[in-house]
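Next come the chains, spelled out residue by residue.
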Amino acid sequence: MNLSCSSWQDYGISIKHFAFAKFSEVTEDCFLLFTLILLMFLASVIGNALIVLTIWTNPVLHTPMYFFLANLSLLEIGYTCSVIPKMLQSLVSEARGISREGCATQMFFFILFGISECCLLAAMAFDRYMAICSPLHYAARMSRGVCAHLAMVSWGVGCMISLGQTNYIFSLNFCGPCEINHFFCDLPPILALACGDTSHNEAAVFVVTILCISSPFLLITASYGRILAAVLVMPSPEGRHKALSTCSSHLLIVTLFYGSGSVTYLRPKASHSPGVDKLLALFYTVVTSMLNPIIYSLRNKDVKAALRRTLSKKKVLTPSQVFVVKRARRKRLSIPPSWFLSKS
């Protein structure tokens, strides 16, 4: 395919189409990467969908922690589906072009799901803080309405930020070149193609990054600082172990997601390298999304037990079991997963 921008310009005013850079001139390398990304993409979508299905069909998991986990899995599905299909097409096809509108749409959804996930991870940290540091008030302060509001705020902030950033960036003129040196329409490589001074746009991206990545991360750090202080004074070793085990999965996801995102968007512009940026993009769009269901399912007995029930197509809960679960929640009692397996 001819990547000359001249055929895609509207009377020399602004580029109407872009094209993603070719990963490699060696066809075997492209097919190898295509296979790896496709397998990780399928694992991510199937794994996260199973997490959502398991939580939805098992009333015992209808608690704030798993409500947020279901939202996280939905975000991960949207996050990967917004960029990976086009990425796979570009790896094995000459049809590497994308319209200006298509690029803007991809960027909108990528920012939407990414920013929403940043905010949701902070909400999940707050939920763990309330559960461990204020257990007597947990049921009242983390009611179903409060959880729904926190999730809606996370999605709403992501929507507003993505709409503003996408509109701000694509209001610029693009005179050429038209080749995006990346796998998808990310902010830095698109800004690199814009005409004229883009310092204001770069400043806006930096400010949003600070507010939407660093601020939630500070809230997460503060929450886990309080959690650690509370755990250290617990008299029971079993209580300390249980408290830490409920937080370890979330901490691992936070480290993977925020670590790769911070390196990508908070580095100085001069230190950016297209090769490194592409590797980081693969990590935070594919790898972290694939690891999310693995980490939560392998490290959580409740999820593993519920997942076995879901996959074996057993009757999830009888009405009497639902009554027992609701009564236990009101009295803040825990029910071992084996009880549900024995009653299935």
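Parameters and conventions
Residues numbered from 1 in each chain as written. Predicted model: local features only at pLDDT ≥ 70, side-chain atom pairs only at ≥ 80, totals over all residues. Heavy atoms only, no water. pLDDT = per-residue confidence, 0-100. Contact = heavy atoms within 4.5 Å. Pairing = 2+ DSSP bridges. Helix = DSSP H or I, 4+ residues; strand = E, 2+ residues; numbered from the N terminus. Axes fitted to C-alpha atoms, helices over the stretch in contact; angles between N-to-C directions. Disulfide = S-S within 2.5 Å. Buried < 20%, exposed > 50% of the residue type's maximum accessible area, 1.4 Å probe, protein only. Expected span 1.5 Å × (residues − 1). Core = buried A, V, L, I, M, F, W, Y, C linked by side-chain atoms within 4.5 Å. Salt bridge = Lys/Arg side-chain N within 4 Å of Asp/Glu carboxyl O.

Asker: In this structure, what is going on with the confidence of the model for the protein? I would like to understand it.
Answerer: When pLDDT drops low, the exact placement of atoms in the prediction is not to be read closely. The predicted model of the protein has a mean per-residue pLDDT of 80, with 84% of residues at 70 or higher. Counting contacts from residues 340–344, a segment whose pLDDT is below 50, to residues more than four positions away or on other chains yields 14 contacts.

Asker: I would appreciate a short explanation of the sheet that holds strand β3 (residues 179–180) in the present structure.
Answerer: Whenever strands of a sheet pair, they do so through backbone hydrogen bonds, lying parallel or antiparallel. An order of β2-β1-β3 is seen for the 3 strands of this open sheet, with the pairing classed as mixed. Strands with a single pairing partner mark the edges of an open sheet, and in this sheet they are β2 (97–99) and β3. Pairing of strand β1 (residues 17–20) with β2 involves 3 bridges; the strand directions are antiparallel. Across the sheet, residue H17 finds its bridge partner in β2, namely S99. Sheet strands touched by helix α4 (residues 100–133): β1, β2 and β3. Its angle to β2, the strand with the most contacts, is close to 85 degrees.

Asker: I would appreciate a short explanation of the environment of D186 in the present structure.
Answerer: Summarising the element assignment, D186 is placed in the loop between β3 and α7 (187–191). On a C-alpha basis, the gap between D186 and V83 in space is 9.6 Å, while along the polypeptide they are 103 residues apart.

Asker: Where do I start with the state of the cysteines in this structure?
Answerer: Put plainly, two cysteines are in a disulfide when a covalent bond ties their sulfur atoms together. Within this structure, the stated rule accounts for 1 disulfide. Linked covalently through their sulfurs, C103 and C185 form a disulfide whose S-S length is 2.0 Å. Measuring handedness by torsion sign, the sulfur bridge of C103 and C185 sits at about -125 degrees and is left-handed. Residue C103 is located in helix α4, and its partner C185 is located in the loop between β3 and α7; the two are separated by 82 residues in the primary sequence. C185 matches C103 in its accessibility class, with the two residues each being buried.

Asker: I keep staring at α4 and nothing clicks. Help me out?
Answerer: Along an α-helix, residues three or four apart share an orientation, since each turn contains 3.6 residues. In a regular helix each residue adds 1.5 Å, so 34 residues correspond to 50 Å; α4 covers 49 Å between its end C-alpha atoms and thus fits that length. When you tally the buried positions in α4, you get 27 out of 34 residues, the bulk of the element.

Asker: So what exactly am I meant to see when it comes to helix α2 (residues 64–81) here?
Answerer: Between its first and last C-alpha atoms α2 spans 26 Å; for 18 residues at 1.5 Å apiece the expected length is 26 Å, and the two agree. Of all 18 residues in α2, 15 are buried, a share of seventy percent or more.

Asker: Would you take a moment to explain the nonpolar core for this structure?
Answerer: Generally speaking, a soluble globular protein has its nonpolar side chains buried in company with each other. Grouped together as the largest cluster of nonpolar side chains are 85 residues, with contacts concentrated most on F18, I37, L121, F170, F174 and I190. Ranked by residues supplied to this core, first place goes to α4 with 20 residues. The contact partners of L121, leaving out residues within four places of it in the chain, are L72, I220, H250, I253, V254, F257 and Y258.

Asker: Before we go on, may I ask you to explain the pattern of salt bridges in this structure?
Answerer: Opposite charge on two side chains lets them pair, provided their charged atoms get close. Following the criterion strictly, the structure yields 1 salt bridge and no others. One salt bridge in this structure joins D127 and R128, with 3.0 Å as the shortest N-O distance. Each member of the pair, D127 as well as R128, carries the same accessibility label: buried.

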